[in-house]
Number of protein chains: 4
Amino acid sequence: MMIERIVSEGLSHNSYLIGDGSAAAVIDPRRDIGIYCEIAEKNGLTITHIFETHRNEDYCVGSIDLSRRTGAWIFHGAHLPFAYGNPAYDGDEFAIGSLRIGVKETPGHTDESISLVVIDSAVSSEPLCVFTGDALFAGDVGRTDFFKDRLEEMAGKLYDSIVTKILPLGDGVIVYPAHGAGSVCGGDISDHPFTTVGYERKTNPLLQNGRDEFVGRKIAEHHYIPPYFRMMEHYNQNGAPSLSERRCMDALSPEQVNGVISAGALAIDLRGPAGFAGGHIPGSLNIWKNGLSAFLGYFAAYDRPILFIDDFNENLPSAEVQALRLGYDSVAGYLHGGIGSWYRAGGAVGRCGTCSVTDVDPGDPEQFILDVRDINNRRSMGAIPGSHHVYTGHIEMHLAEIPADRPVLVYCDAGFKGSLAASVLLRHGYSDVTNLLGGMAAWKQAGLPVEDGAA
Amino acid sequence: MMIERIVSEGLSHNSYLIGDGSAAAVIDPRRDIGIYCEIAEKNGLTITHIFETHRNEDYCVGSIDLSRRTGAWIFHGAHLPFAYGNPAYDGDEFAIGSLRIGVKETPGHTDESISLVVIDSAVSSEPLCVFTGDALFAGDVGRTDFFKDRLEEMAGKLYDSIVTKILPLGDGVIVYPAHGAGSVCGGDISDHPFTTVGYERKTNPLLQNGRDEFVGRKIAEHHYIPPYFRMMEHYNQNGAPSLSERRCMDALSPEQVNGVISAGALAIDLRGPAGFAGGHIPGSLNIWKNGLSAFLGYFAAYDRPILFIDDFNENLPSAEVQALRLGYDSVAGYLHGGIGSWYRAGGAVGRCGTCSVTDVDPGDPEQFILDVRDINNRRSMGAIPGSHHVYTGHIEMHLAEIPADRPVLVYCDAGFKGSLAASVLLRHGYSDVTNLLGGMAAWKQAGLPVEDGAA
Amino acid sequence: MMIERIVSEGLSHNSYLIGDGSAAAVIDPRRDIGIYCEIAEKNGLTITHIFETHRNEDYCVGSIDLSRRTGAWIFHGAHLPFAYGNPAYDGDEFAIGSLRIGVKETPGHTDESISLVVIDSAVSSEPLCVFTGDALFAGDVGRTDFFKDRLEEMAGKLYDSIVTKILPLGDGVIVYPAHGAGSVCGGDISDHPFTTVGYERKTNPLLQNGRDEFVGRKIAEHHYIPPYFRMMEHYNQNGAPSLSERRCMDALSPEQVNGVISAGALAIDLRGPAGFAGGHIPGSLNIWKNGLSAFLGYFAAYDRPILFIDDFNENLPSAEVQALRLGYDSVAGYLHGGIGSWYRAGGAVGRCGTCSVTDVDPGDPEQFILDVRDINNRRSMGAIPGSHHVYTGHIEMHLAEIPADRPVLVYCDAGFKGSLAASVLLRHGYSDVTNLLGGMAAWKQAGLPVEDGAA
Amino acid sequence: MMIERIVSEGLSHNSYLIGDGSAAAVIDPRRDIGIYCEIAEKNGLTITHIFETHRNEDYCVGSIDLSRRTGAWIFHGAHLPFAYGNPAYDGDEFAIGSLRIGVKETPGHTDESISLVVIDSAVSSEPLCVFTGDALFAGDVGRTDFFKDRLEEMAGKLYDSIVTKILPLGDGVIVYPAHGAGSVCGGDISDHPFTTVGYERKTNPLLQNGRDEFVGRKIAEHHYIPPYFRMMEHYNQNGAPSLSERRCMDALSPEQVNGVISAGALAIDLRGPAGFAGGHIPGSLNIWKNGLSAFLGYFAAYDRPILFIDDFNENLPSAEVQALRLGYDSVAGYLHGGIGSWYRAGGAVGRCGTCSVTDVDPGDPEQFILDVRDINNRRSMGAIPGSHHVYTGHIEMHLAEIPADRPVLVYCDAGFKGSLAASVLLRHGYSDVTNLLGGMAAWKQAGLPVEDGAA
C-alpha cells in the first residue's frame, strides 16, 4: 500500500492519495488535479474513488475534473443534496486493493461530514488510520460556527462524532486530517504533520474536559468567515467551472498595468511589508505571497480582474494557483519585469511608513493606533495601550471608525497583516499610515507595556 | 531577446519560442503545449504570435490549443486553405519587441511553406537568424516527394527557395530548422544542433552542384510515407481535437490486459529487442520506446485502443505523449507492475529467437533471410548475401513473400527494427523467427561478406 | 516542527530528518548525505545532531561526512566502542527547538541499539513518536541472529526492549523504523509506510503470544548474511572513506569493456531477466537494477572494479549510488550506448533460456530443477516437485551440487533471482540453463502440483 | 555530437560541454562542477579534456576539481606560467570523437588567450564553430585594460587576433563566447544568445572601422576592476581550494546574527531596494540577489565571514553559489526565518529614504545629489543637473567627497546600485539618505532636464 499527503500551502489543506494493488482513492482533491494523476501514474495506480469528507468552504474542490480524467466515482456524505457524485452512508465500505475504506458519519463541522476509516485486510481487521476531514485536527477540532442558529447543536454533534466514532477506533490509529497549522478552518491547529487518536485523546485541549466544556468552548470561539466562502459552498455543492481551458497570465507593461487598473482591475502586491512600504503602485493591496489564500477572498471580487505585482516575478505561478483554488479565474496578468519596471517607467510611486517598536511614541495623542489582528489574539495576548481594534479583513467595512486626518499606526502580530491593512487605508485616501514591523511579537519581545485585549 | 529550442524526441522535431520585451512568438508548436506556457511565464513573456512554417505531416500541431490559452494569433503560409488561423505572405513582417520577423515564401517541401527571417532592429538591420521549417536542415533539405505527379516541379521549387530566398541572407545567418537527426522528414539530417547559412552553403551535400543535380537527386530519393501522415494532414489543416480533456492511462492487471487485447486493443512492447525476445505477451508488437514516433503510425489504427507493456513501467509518460503527438488519443492503459506481473500471472509467454553475427550460418538453405531496413540503407551499405528485402513498416502488406514454414532470420541496421519486424511475423503466426542482434552494423564490423544491396 | 523520511530504495532503509525552530537532527544518515543538507537548507534548519540507532551492517553510514559539513555532534549507543562520535546512554535527552529527544537503550538486534523518543514540549509531555531503529518494524521486529552463540539471549533482550521500553510509551505513539518492506534486515516487514505502537501491539505477529514464543520464533528464524556485511560493520564502527573525492563513471566503448573485463572487472547487467536472456555480454552477472542493494554484496569484491551494463543507460546514477551505499567505491564505468552498442560491435553474445510454467515438463528426467529462493519461502510456499535448493547468493559455493552436463531449470519467486542464479551458472561454464519466468508465483497461479518445501 | 552551454547567472559567464562518441571536452568550467558531470553522464560521455581560454579574472575556475573527478587533461594557453595543467600552442589539435578541436592563439585580452576552432571531420573540413573566450563577444570584444602600461599593445593584439585568426574562419562559423550581456568582462555585450563570425563582422561596432579606430576606442574605454579580481587571478593561475569539503550554511537566530555581526561578519541584504528601504538590519549592505556577482567582490573581504539576509529565504542557495564562484568560502549562514524574524525580535531596524522622480526637488540647495552609475553611462546618457559622481563600487574610498551633514539623494540607472550605495553611506553613519527609485531611466522617461554627463 502507499499513502501520500498533498499539502496545498497557504490553505494548509491536506488531500491524500491512498493506493493498493493497482487502485487508488483520492480524499478531498484540490482544484488543480494534475498532481493526483502524476502520483497515480508514477505508482502504477488507477484512481477509482474520490471521497469528499464534507462540502469544503475554504477552497474549490476538484472532484469533477478528476473524475472526468480518471473515470473515478465520487462519494460524499449523504446529508446534503450535492448536484454531482454519490451519497455515502455510515457503514458503507469500499475496496482499494486489500484496503477496506469504511464510512463513519461524523457531523458537527457540517451535517454531511464523514470520516473514512482504513483497514488493511491483508494484515489485520484492526483499523490502521482514519481520514477525519474537518472533524479532528492535530491539537484542535473543526469549526462549528457555520450555522448561527444551531451553534450548540453542531458543537454537541461534533463532540459526539469524535467521542463515539473516532476515539473508539483505538489510540493506535493514525489520524490524517484535512488541514494543518495555519488553516482558517481551525483556530489553533498544531504543526504536527501526523498525529494519532491516542495523542489527540491525551493532549488535544478540546478533549480534556467532557461534553459540556467542549460545547461551551466551541460556542465561545470566535472565527471569521471570509466572504468568498459563499462562492466555494456554491461551487462545491453544484460543481465549479473546469480548469482545463484556463488562460495563461499576460505579461503587462507599466502602461498596460495602468490601463487595466483604470478599467477596474485589483492590483495585488505580493511582496513583504518592507518592500511595499519602500515603494508601490498607488492603489495596490499588499497581500504578501503567503497570505493570498487567507486574505484574497476578503478583497477580490469574482467579476473583476486581478493583477499581480511582484519583486522579481518569481512567485507568479504560486500566486495564480492560490487564486484559482479560491475560484478566482480572472487573473489578468502581472507587471512584466516586476516592480522595478514600474519604477523605471517614472510614474507615481506610493510609500507607506514603517517603524520598529523602539520608534513608537505611545504617548503621542495625535496618533491613532489600530490593531488589525484576529480578535482572539488580541484577547489572549493583550494589546498596545490605547489601540483600537478592527480585523484586517474588515477594514473596508469600518473605515468610518478610523480617522483619516490623523496619523494611523497599524499593527498586527508580526507586520504582514498590518501592511495589508495599511494598504487598504492608503487605497482609501488615508495619507499618514505607518505599519509596525514585527507587530505585537516585537512589542512583547521588547518588554513594552501591554493592555488587556479583552476590554 | 531570448530564444529556446524545444526538441520533441523521437520525432526529432524542433519548435522554438523567441521573445523580446514582453512578447514572444512560437514557431511550429507541438500538440502538448504546456512547455511553451511555462517558458513564457518563466521569462515574463506573453505569447502573441504562433507561426507554422507549413502544414506538418509527421505530427499534430498544437496551434489552436496554444492560441486558446494565450490569445495569440496564428499565421501560416497563404497557399493552402487552412480552416483556422491567418495567411502570411512573402514580405509580411511582424514585431516581437525590437525583433522584426519577416516572412519568406519557400515552397518545395509543400506549396505553402514559409521561412521566417529575424532581424534585431535594436542592433542592426542585418538578418540574425532564419527559421527554415522543412526547407533547409543541417546537412540535408526537405522532402519533395509528397506530390507524386509534381516531383520535378517541387524539387525545383525547393532549390529555388533555398538559393534565392535563404542563401542570399548571408553566410552568417543562423539556421533553425524544424527537424534534427533521425526525423522521418529528412533522409540524412546531421546531428549538428545549430548550423548557419554559410556552413550549409559550403557543406550541405545537396547544395554543391547546381539546380539540375539537386533536382535529379531529389527525384531519385526514396522516402517512406507512414499511413498516419494522412490523419496528421487532416488534423493540421482543419484542427485537431483538444488535448485538455484527455483521459489518464489505466493501470491494468494481467487479466484486464487479456480482456482488452481480446476486445481488439493493440499491445505495444516498449522494451529493447533482447527483452522482447526473452519473453513477451503473445501478439504484442515490439516498438521499442525510442521507435514509437517513427513506427507507431504504421501499425496502430485510430479507432482501436493502444496498450503499453514496459519492463519497469518507467517509460509510460513518454510513450503516451509520443502517441498523442501522432494523434492517437486512444491509449487505454498499461500493464500494472510491468512485464514481470504478466510472468507471475502464469499465462502464455511468447519468445523470439536472437542471434549474433557469429551465430549465423549464411549457407543454411532452409533459412529465409529478411532485410527490413530502409531501402536506402540496403542500397548504400550492401546486404547479407541472399537476403530478401521488405521494409519494417510494410511487413504486413508483404506477408505473402515471406515463407511461414521456414526459419526466418530478420535483420536491420542494429537490431531494433528487426525485432519489430519479427514481432509482426510472430503476431501473424510465424513460428521460427530469429532477430540478428547488432544487425548490419555488427555484420560489417565482423568483416563478413556483403552483397550489393541495389540489386 | 517538521519531520521527513528519506527512503533509500533497494536497501529499504529509512533515515529521518526532524527539525524544530532553527535546529534539526538526522537519524541514521546514509552515505550520500547531500539530501540532508538540502532539506535542512530548504527548511531553514541547521543540523546539530546526528543519531545512529545502532552500528548498521547493511549499508555504509554517512555520519562522519555529514558532521564535517554541518558541525553536528554524532551520538550512538554506548555499548560498542566506536572510533568516532559520542556515547548516548539510556535516559539521555537532547533538545531540538522545543522537541526533547530521549534515549532508550533497546538491545536485542545488537547490544548498543537505542531507540529515540520524541516529546514536543510545546504541546505536552506525552511522547509523540519513536525512532525504533532495527528493534521494531511495521509487522516485524529486528534480526537477532548476528551473534551465533547468543541467539536466545539476544532474542530475549529484544523482546524485553520492545515490551518494557517501547510498548509502554502508549498505543498512540507513532513508530518510525529504520527499514521498510523488502529490507534484508527483516524477514517480513509490511508495506505500511507508518505505524504506531498500538497497531504493532495488536497486529504484529511476533507480539501476540508472550516472551517464550517470541524467543522460540526468533531462534527458529532463518536469515542470510551477505558477505559484504563484514565490511559495513568495519566501516560503521571505524569510519568509512569520504565520498567527496569520488571519481565519475567512465563511458566505455565495447573494446574498452572487453579490456576492463579481461583485467578482472565484474560486469553487472542491470536489465530484467528477459533482456538478459535475449542477449548479454558473456560472463556478466544479471543483477537487475532493483536487486543491486540485496545481491551486489554477495558477488562483488572490494578490490575489483565493477562495470554496469544497461539497456538504455537510464539506471546508471541509481546503480552507482546503490554500489556506493554498500561501500563499493570502485565503479569503473559503463558500456557507452548501452547493450545495443555491444551488439553492433559484432562480438560474442551470450543467451540464456527462458520458459513459462506452461513450457515446463516436470517429468523430464534429464532436467535438474534448481530452486534458488530464500529457504523460508521454499518452506512456507512449497516447491516444484523434485527441485533442489541452493540460495541465489550461495550458488558459487555450491557449484559441485549442480550438474554441469544436464539441462538446469532455475526458478525463484518471480524470475529475477532465478536469472541472477542462471547468470552465475553461465559464468561458470554451464551451457544449458533456463530461467522460469514468473517463478513459483506463476507455478502456483497455474495450479501446478507443489511439493512440501521443508523436506 | 552535442554541445551544451552552461550559463552562470550573475557572472553572465558561459562554459560549454561539447561531446561526440563517448568523449567530451569542457571549456572554461566554473568552480561548482557538478553540472558538467551530470551532463556528461546523462549523455553517456567521459570528460577527457578541459580547456581554459585564458586565466579568468572574474570568477574562480573549476578545472582542477573537474580533472580530479574525471581524469581529464587540462589545457591553457602557453604564454603564462600556470602552476597546473598543460600548455596548448597555436596549431595544436585535439580529438573528441570525430570532432577536431584546434587551438588559435588570440592574445589581446590577456597574453595567453586562446580560441578553440571546432571541425566536424565526419561532415567536412570546414570549421563549424569557435569558442572565442574573452576575445570576441556578441556585439563587443574583450577588455584590453588589464596591463596599464601596454594598453595600445594589447588593443592592437586583440584587433589582430580577431581580424587574422577569427574572421578568416568564415562568416558561417558559430561563435561561442565566454560571456553574455551583463558581464563585467565586456562593456556592452548584446543579449544575443548565439552569434556568428559573419554577424559580428557586419554588426559589431568595434569591427566597422579598421585597426586604428579599434585601438583608439579600446584605449579610450573605461572599465572598473573590482578588488576581488586579484584573488581570482591568483587562484586561477595557481589553483583554488577544492569545494568538496565545503561547510553548509547555518540558520542563525536574530541573537546569533547580532553576535556574528559584532564579531566582524558582513551582513548582505539580498532584497530589492524597496524592501531594504522599508526596514533592514543596521549596518547591512543591500546587494540585491542578482547583483552579488558584480558587487560582492567590491565589499567583502576574504578573511571575514559573510551573512545573508533575505525576505523569505528563497535565494540562499543561489547567493551562496555566487559567493563561492568569487572564491568566498566563508559564508557563515543566514537569518533563520528571513527578515521578518528580525522584526519580530524587536531589535533596531534601519530605514532608507526612497523617492520617485516626481518627488525630487532639483532646486533644493541643501540636497547633495550623488550619481553612482558606471561613468560610461553618465557620459553617454547624461546626468541629473548638479549631481556628483562616485561609482557604486568606490563609495567607501570617496566618503570624504560626500557630505554627511546634508540630505543625500543617490541615483543610478534603475535604483539597485543606488540602494547599495545608500546602504554603504548608512553603514558609515550618514543619516539622511534617499534612493531614487527607477534612477536615470525614470528621470528620462519623465522628460526631466538632463545635464551633460561628460562634464
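On a predicted model such as this, the values are computed, not experimentally measured, just so you know.

### Some remarks on the domain arrangement of chain A
Residue and element names in this part refer to chain A.
Then comes step 1: As far as domains go, chain A holds domain 1 (2-238), domain 2 (250-344) and domain 3 (353-445).
Then comes step 2: One C-alpha centre belongs to domain 1, the other to domain 3; they are set 36 Å apart.
Then comes step 3: With four residues of domain 1 at the interface, the matching set in domain 3 holds four residues.
Then comes step 4: Its residues assigned to classes, the side of domain 1 that touches domain 3 shows two nonpolar, two polar and no charged.

### Comments concerning the sheet that holds strand 13 (residues 174-177) of chain D
By definition, the strands of a sheet pair up through backbone hydrogen bonds, in either a parallel or an antiparallel sense.
Residues and elements named next belong to chain D.
Then comes step 1: The mixed open sheet is built from six strands, whose spatial order is 7-8-9-10-13-14. Each having just a single partner strand, strand 7 (93-96) and strand 14 (195-196) make up the two edges of the open sheet.
Then comes step 2: As paired strands, strand 9 (residues 114-120) and strand 10 (residues 127-133) are joined by four bridges and run antiparallel to one another. Considered in strand 10, the bridge of Ile119 is made with Pro127.

### Regarding the pairing of strand 7 (residues 93-96) of chain B
Then comes step 1: In this sheet, strand 8 (residues 99-105) of chain B lies alongside strand 7 of chain B in antiparallel orientation, the contact comprising four bridges. Bridge pairing links Glu93(B) to Gly102(B) in strand 8 of chain B.

### Remarks on the relation of the copies chain A and chain C
Then comes step 1: The operation relating chain A to chain C is a screw motion whose rotation component is 180°, with 0.0 Å of axial translation and a residual RMSD of 0.0 Å. Between the two chains, the operation in question is that of a two-fold axis. Scanning chain A for the C-alpha nearest the rotation axis identifies Gly172(A), at a separation of 2.2 Å.
Then comes step 2: A share of 100% of the interface residues of chain A reappears at the interface of chain C, consistent with the copies meeting face to face through the same patch.

### Structural notes on the UniProt feature "domain: Rhodanese" (unreviewed entry) in chain A
All names here are of chain A.
Then comes step 1: The feature "domain: Rhodanese" (unreviewed entry), as annotated in UniProt, sits at residues 261-351 and 363-452 in this numbering.
Then comes step 2: Each end of residues 261-351 is marked by a C-alpha atom, and these two atoms are 18 Å apart; helix forms 35% of the span and strand 14%.
Then comes step 3: Within the segment residues 363-452, helix and strand shares are 29% and 16% respectively, and the terminal C-alpha atoms sit 17 Å apart.

### Regarding the interface of chain A and chain D
Then comes step 1: Between chain A and chain D, the contact holds 30 residues from the first and 31 residues from the second.
Then comes step 2: A total of five residues in the side of chain A that touches chain D trace back to one element, the largest contributor, which is helix 8 (residues 273-278) of chain A.
Then comes step 3: Partitioned by chemical class, the residues of the side of chain A that touches chain D number 14 nonpolar, 12 polar and four charged.

### Digging into unusual backbone geometry
All names here are of chain B.
Then comes step 1: Positive phi outside glycine occurs at Ser12, with the angle close to 50°.
Then comes step 2: Its place among the elements puts Ser12 in the loop between strand 1 (2-8) and strand 2 (13-20).
Then comes step 3: The class for Ser12 is buried, based on 22 C-beta atoms found within 10 Å.

### Structural notes on the interface of chain A and chain C
Then comes step 1: The interface is formed by 24 residues belonging to chain A together with 24 residues belonging to chain C.
Then comes step 2: Of all elements in the fold, only strand 1 (2-8) and helix 4 (197-203) of chain A reach the threshold of two or more residues within the side of chain A that touches chain C.
Then comes step 3: Examining the composition of the side of chain A that touches chain C, we find that six residues originate from one element, helix 4 of chain A, more than from any other.
Then comes step 4: Of the residues contributing to the side of chain A that touches chain C, the split by class is 10 nonpolar, nine polar and five charged.

### Digging into the environment of Leu270(C)
Residues and elements named next belong to chain C.
Then comes step 1: Tracing the sequence through the fold places Leu270 in the loop between strand 16 (266-269) and helix 8 (273-278).
Then comes step 2: Between the alpha carbons of Leu270 and Asp111 there is a distance of 37 Å; along the sequence they are 159 residues apart.
Then comes step 3: When residues no more than four places from it in sequence are discounted, the contact partners of Leu270 are Trp288, Lys289, Phe308, Ile309, Asp310, Asn315 and Ala319.

### What about helix 2 (residues 63-70) of chain A?
Residue and element names in this part refer to chain A.
Then comes step 1: Burial analysis of helix 2 places six of its eight residues in the buried class, the great majority of the element.
Then comes step 2: Residues Ser63, Ile64, Asp65, Leu66, Ser67 and Thr70 constitute the buried set of helix 2.
Then comes step 3: Along its buried surface, helix 2 packs onto strand 3 (23-27), helix 1 (34-42), strand 4 (46-52) and strand 5 (73-77).
Then comes step 4: Gly71 lies just past helix 2 and shows a positive phi near 80°.

### Details of the packing of helix 9 (residues 292-299) of chain B against helix 10 (residues 316-325) of chain B
If you want to describe how two helices pack, look at the angle between their axes and the distance between the axes.
All names here are of chain B.
Then comes step 1: One can describe the packing of helix 9 onto helix 10 by two numbers: an axis separation of 10 Å at closest approach and a directional angle of 60°. By the angle between their axes, helix 9 is oblique relative to helix 10. In the crossing of helix 9 with helix 10, the sense of the turn from one axis to the other is right-handed. Contacts between helix 9 and helix 10 involve Leu292, Ser293 and Leu296 from the former and Ala319, Gln322 and Ala323 from the latter.
Then comes step 2: Taken together, the residues of the contact of helix 9 with helix 10 sort by class into four nonpolar, two polar and no charged.

### Some points on the environment of Leu158(D)
Residues and elements named next belong to chain D.
Then comes step 1: Relative to the elements of secondary structure, Leu158 occurs in helix 3 (residues 151-166).
Then comes step 2: Taking the number of C-beta atoms within 10 Å as the measure of exposure, Leu158 has 27 and is therefore buried.
Then comes step 3: Sequence separation between Leu158 and Lys218 is 60 residues, and the spatial gap between their C-alpha atoms is 9.8 Å.
Then comes step 4: Leaving out residues up to four positions away in the same chain, Leu158 has contacts with Gly108, His109, Ala135, Val141, Gly142 and Thr144.

### Here's the deal with the relation of the copies chain A and chain D
Then comes step 1: Expressed as a screw transformation, the operator carrying chain A onto chain D has a rotation angle of 180° and an axial translation of 0.0 Å, and the superposed copies differ by an RMSD of 0.0 Å.
Then comes step 2: When the interface residues of chain A are mapped onto chain D, 100% of them again fall at the interface, so both copies present the same face.

Definitions and cut-offs
- Residues numbered from 1 in each chain as written.
- Chains lettered and ligands numbered in written order.
- Predicted model: local features only at pLDDT ≥ 70, side-chain atom pairs only at ≥ 80, totals over all residues.
- Domains from an automatic or database assignment.
- Contact = placed C-beta atoms within 7 Å.
- Nonpolar A, V, L, I, M, F, W, Y, C, P; charged D, E, K, R; others polar.
- Pairing = 2+ DSSP bridges.
- Helix = DSSP H or I, 4+ residues; strand = E, 2+ residues; numbered from the N terminus.
- Least-squares fit on C-alpha atoms with pLDDT ≥ 70 in both.
- UniProt positions renumbered as here; feature names shortened; annotations may be inferred.
- Buried ≥ 20, exposed ≤ 12 C-beta atoms within 10 Å, placed from the backbone.
- Axes fitted to C-alpha atoms, helices over the stretch in contact; angles between N-to-C directions.
- Parallel < 35°, antiparallel > 145°, perpendicular 65-115°, else oblique.
- Left-handed = near helix turned anticlockwise from the far one by under 90°.

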